[in-house]
Every structure is written in C-alpha cells, then in structure tokens.
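Residue-level structural notes
Residue strings, one per chain:
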Amino acid sequence: MSTPVLFVSHGAPDIALQTQAPTLVCWQQLGAYLARPKAILVVSAHWETSTPTFSTAAHPQTIYDFGGFPAPLYRMTYPAEGAPEITTLVQTAFNQAELPLRIDPQRGLDHGAWIPLLSIFPKADVPVAQLSIQTQAGPAWHVKLGQALQSLRAADILIIASGAVTHNFGWLSRAAKPLPAALEFSDWLAEKLQQRAEDELVAYRTQAPYGAAAHPTEDHILPLFVAFGASTAEDQLKRFTPEVTYGALAMDAYLWEAG
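Attention in this report is confined to the structure presented alongside it. (Residues numbered from 1 in each chain as written. Predicted model: local features only at pLDDT ≥ 70, side-chain atom pairs only at ≥ 80, totals over all residues. Heavy atoms only, no water.)

1. Remarks on the environment of D156
Worth spelling out the cut-off: Here a strand is any run of E in DSSP of at least two residues, a helix any run of H or I of at least four, and the numbering for each starts at the N terminus. We call a residue buried when its accessible area falls under 20% of the maximum for its residue type, exposed when it is over 50%, and partly exposed in between, using a 1.4 Å probe and counting protein chains only. Throughout, a contact is declared for two residues whenever any of their heavy atoms are within 4.5 Å.
Along the polypeptide, D156 turns up in the loop between helix 4 (139-153) and strand 6 (157-163). Judged by its relative accessible area of 31%, D156 falls in the partly exposed class. Residues D156 and K38, 118 residues apart in the sequence, show an inter-C-alpha distance of 5.5 Å. In contact with D156, other than residues within four places in its own chain, are T3, R36, P37, K38 and A39.

2. Thoughts on the pattern of salt bridges
Heads up, the rule is: Here a salt bridge means any side-chain nitrogen of Lys or Arg lying within 4 Å of a carboxyl oxygen belonging to Asp or Glu.
All chains considered together, the criterion is met by 8 salt bridges. Salt-bridge contacts for D235 lead to R153; the nearest nitrogen and oxygen are separated by 2.8 Å. Within this pair, whereas D235 is found in strand 7 (residues 235-240), its partner R153 is found in helix 4, the two being separated by 82 residues in sequence. When its relative accessible area of 2% is taken as the criterion, R153 is described as buried. We note a salt bridge from E200 to K192, for which the minimum N-O separation is 3.1 Å. K192 gets classed as buried once you look at its relative accessible area, which sits at 10%. Each of D187, R239 and D252 takes part in one network of salt bridges that share partners.

3. Overview of the pairing of strand 2 (residues 39-48)
Rules: The pairing criterion is simple: DSSP has to find at least two bridges between the two strands.
Of all 10 residues that make up strand 2, 8 are buried, and the element is covered over most of its length. Pairing of strand 2 with strand 6, which is carried by 6 bridges, proceeds in the parallel orientation. The partner of S44 across the bridge, within strand 6, is S162. Inspection of the sheet shows strand 2 paired to strand 5 (residues 128-133) by 5 bridges, in the parallel sense.

4. Details of the packing of helix 2 (residues 87-96) against helix 4
Rule in force here: Throughout, an axis means a line fitted to C-alpha atoms (over the contacting stretch in the case of helices), and angles, computed between N-to-C directions, take values from 0 to 180 degrees. Any angle that falls under 35 degrees is termed roughly parallel, while one over 145 is termed roughly antiparallel, one within 65 to 115 roughly perpendicular, and all others oblique. Take the far helix as your reference; a near helix turned counterclockwise from it by less than a right angle gives a left-handed crossing, and one turned clockwise gives a right-handed crossing. Under the scheme applied, nonpolar residues are Ala, Val, Leu, Ile, Met, Phe, Trp, Tyr, Cys and Pro; charged residues are Asp, Glu, Lys and Arg; polar residues are all the others, including Gly.
The contact between helix 2 and helix 4 brings their axes to 9 Å, and the two run at 130°. Our classification of the angle between helix 2 and helix 4 gives oblique. Handedness of the crossing formed by helix 2 with helix 4: right-handed. Between helix 2 and helix 4, the residues in contact are L89, V90, A93 and F94 and L145, A148, L149, S151 and L152, respectively. Considering only residue class, the contact of helix 2 with helix 4 consists of 8 nonpolar, 1 polar and no charged.

5. Some words on the layout of surface pockets
Applicable threshold: Points on a 1 Å grid, built from protein atoms alone, make a cavity when a 1.4 Å probe fits but cannot get out and make a pocket when they are open with protein on both sides within 12 Å along at least 5 of 7 lines; residues with an atom within 4 Å of a point are the lining residues. Grid points are joined across faces, edges and corners, and a volume is the space filled by probe spheres set on the points.
Estimated volume of the largest pocket: approximately 230 Å³. In terms of lining, the largest pocket is formed by 17 residues, of which the most central are G11, A12, P13, H167 and F169. Partitioning the lining of the largest pocket into residue classes produces 9 nonpolar, 8 polar and no charged.

6. Observations concerning unusual backbone geometry
For A124, which is not a glycine, the phi torsion comes out positive at approximately 50°. By the secondary structure assignment, A124 is in the loop between helix 3 (111-120) and strand 5. One non-glycine residue, D156, lies in the positive phi region at around 65°.

In short, geometric facts, not functional conclusions.
Written as structure tokens, this is what we have:
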C-alpha cells in the first residue's frame, strides 16, 4: 500500500491563532482522514539551500522564522521527535536518482512545517524530518526531487509539501471578495494538476493566466512540484479549497492517494 502525498498552502503564520479558520478545519479533517504514518517528510518553502539537504535532528526545535505577529504565536511549539531513522531510505532514494544530498543534524521545524502539523497531527506523535528546496533550480528540478521520493511512500513515509498556490504580497488586501487573478491562476493550476500536464505546469510562468504575477518569486510554489513529482498517474487527486485569506492567498490543499 502506498502512503499518500499531501500539499498544503500554509498561509500567514497567524492562521494558527484563528481556531475557527476554514483552513484549520480542513487540515484537521485531513489529519482525521489520513492513517498515522511511520514518519513524515516535510518539504517546506522556508528552508532554502543550494543543495538538497535532509534534517536528521533527533529533537527538532520549533523555529519562529517570522516577525511582527502576536505574542501567543511565539509560545506555540510542536514537540515531535525527529526521524533520523529514515536517513538511509532518503539517501538510497537520492543515490538511485543520481541526485546530491547533504545532511543537517541540527535543523528544526520552520513554520511551513509546524503550523500545518499543529492541526494535521496535533498530538505531535509522528516523527518529522525536513527536506530543503533549491530556489535557483526551478520547477523541473523539484519534480525530479519528488520522483526520487516516490519510493518512500512504500515505506509508510507521508510526504507533506508546504508552500502556497498564490504568493504575491502585492495582491494582499482586506477585500471581502478574493482577487479574480488569484482564483483564475488557482483554477488553472488545479486543472493542469488533474491532467498531469507536466510540461505546462513546469512552464506555468508563461502558460498560466497571471502565472508570474501569482509567484513573483518561486520559493512557495516549488514544494508543489515536489508533491507532484512524488505522485503517480495511478493516484487519485483531491483538491481542497477552504478559503482565500487576505484577499489573495488561496489556501488550496491537494491530496494524492492510491486509487
């Protein structure tokens, strides 16, 4: 049996304080639906390195890699154990894919990891490790990273990619209705993911409506390409659209699971 692959848009950090937020409810429902895996591998938009790097910290610290938010947010912790025991699996997968891999024995969990995990697995009882992204490398590279990780699914490792479907701070507002451009890009992305239209997805900046505008920088969409790469054509894809925050941050989530 193959463990699913999950992508979440993690949004602004203060979503963790909004206990009735539709996004948190969505994450809670996903957590209730998912079987408890052996371990979790998170690919977060908030860990960028020049070479793919895997965290082997036995007790990863909660990283507060943000500023200017309410004080209660800085008192939250996610005390999950690390997952150094899956290091060999990850190294073998990367070796077979002929991809480089470095090890970081100290890296903790950034907010792209721990904020959604607070709702998905609130007991923090599943070991968690992280894998970095390479913002200079682009979408096709991250599809390859995901393909290298496919074998982990058979070992009951849940891959969670955490980023954003839309991430243009210039679009943010307090408007009651979501920005049409954000919705149009999000719907295009959903259609192409369902079609597994890899060439168009990789070229989203020119192929999608508002492609480059939705992501002035690529860091937050790259984890989605890892998730796509880790999925297969045999998977069933489910899209979740809980809300659009700040008028422009589409909080879409995607779940690929064996049919």
